[in-house]
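Summary of the model geometry
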Amino acid sequence: MKTKLNTNIIGFGAIAVDDLLFLLDFPQSNTKTEVKRRVRFAGGLAGTALVAASRLGAKTAYFGILGENVLSEFTINEFINENVDTSLCINKEGAKPIHSTIIVDQSSGGRTILFSLDGFQYPHINEISLESIKNCELIFIDSYVLDIFPHVLHLAHVSSIPVIADIESDRIKDFPEILRAIDHLILNIDMAEKIVNRKSPADILIALDSEERICSVITDGTNGCWYKEKDKPIFHMPAFKVDTVDTTGCGDVFHGAYAAALIRSETIPTAVLQASAAAAIKTTQPGGRKGIPYLDNLLNFCSQNKHVHPREIN
């Protein structure tokens, strides 16, 4: 296994193959509806975040387990095409990415994800060494690999590497020490409410604060997002207005764009703004990755929308 990578970000977590079914309207129970279009994309929380960061100038690598099968080969080829390093991937018989069928409601741009975890595996802690991650600048990890969270966090912090986390499981409530130790925590508002049992974004961010936290971000789709840096006030970042086609992967793109901005030494307010912009641009194209902008496109979009920026809230 290659142990010294020329990379900025190493990602652990969900990779998926997404089969999108486009419908005019979401079907009611016990009805038939025509599938207008069917297309296959690569996806997954970690996978799409790494692709977004790569398109925005960061050098990225995925650390996971794949096998020798059609879904794994599709995933690896997509990573190679997006300049995501796969040399840390471990080959195991029967291992596969998550396989998702995504129903896209063309009338609203909303989507419903049906997924199978059959064959999805992730590295054992004995397969993740300090040597394998110590030369990167940032670790991304999601809640699909919650069991290895403590080990990865420990190795990262021993090496003074900050960790960005994407949590989509309220199981994190059972690991309060993990939740506190995450450097950059980005949650959608529904999951954040479940984790801290608070309703308002401000109350949620205050409840999520910890000694270790650098920044917490709460996202809420077209309502924008709220964020709080350590020892600083809470800010609201309005959503950018675009013609939405498909919201699949928006949160993953937000994470990847935020990470890439940090790698470029942007401030956290700029990272949040650029992440919001990248997620908005993504919604204008179908699939989790097709609409992810490259850096020039992102900066141009932000320049054309200077009126949209973070504002402190009381």
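For the structure, see preceding data.
One structure accompanies this document, and this report is about it. Predicted model only: the values in this text are computed from it and were never measured.

Parameters at a glance
Residues numbered from 1 in each chain as written. Predicted model: local features only at pLDDT ≥ 70, side-chain atom pairs only at ≥ 80, totals over all residues. Heavy atoms only, no water. Phe/Tyr/Trp six-rings, centres within 6.5 Å; stacked < 30°, edge-to-face > 60°. Helix = DSSP H or I, 4+ residues; strand = E, 2+ residues; numbered from the N terminus. Buried < 20%, exposed > 50% of the residue type's maximum accessible area, 1.4 Å probe, protein only. Lys NZ or Arg CZ within 6 Å of the ring centre and 35° of its normal.

**Regarding the packing of aromatic side chains**
In this structure the tally under the stated criterion is seven aromatic pairs. Look at phenylalanine 115 and tyrosine 144: their rings are 6.4 Å apart centre to centre, the planes differ by 75°, and that puts the pair in the edge-to-face class. Placement of phenylalanine 115 in strand E9 (residues 111–116) and of tyrosine 144 in the loop between strand E10 (138–142) and helix H4 (149–158) is noted, with a sequence separation of 29 residues between them. The partly exposed category is assigned to tyrosine 144, whose relative accessible area is 23%. Members of the aromatic cluster, each reached through a chain of ring pairs, are Phe115, Phe120, Tyr122 and Tyr144. Over the ring of phenylalanine 22 we find arginine 37, and its NZ or CZ is 4.4 Å from the ring centre.

**Quick look at unusual backbone geometry**
Most peptide bonds are trans, and most residues other than glycine sit at a negative phi. The phi dihedral of asparagine 30 falls on the positive side, at around 60°, and the residue is not glycine. Secondary-structure assignment places asparagine 30 in the loop between strand E2 (16–23) and strand E3 (37–43). Judged by relative accessible area, which is 81%, asparagine 30 ranks as exposed. The phi dihedral of asparagine 83 is positive, around 60°, even though this residue is not glycine. Of note, asparagine 83 is situated in the loop between helix H2 (70–81) and strand E6 (84–85). By relative accessible area, which is 62% here, asparagine 83 ends up exposed.

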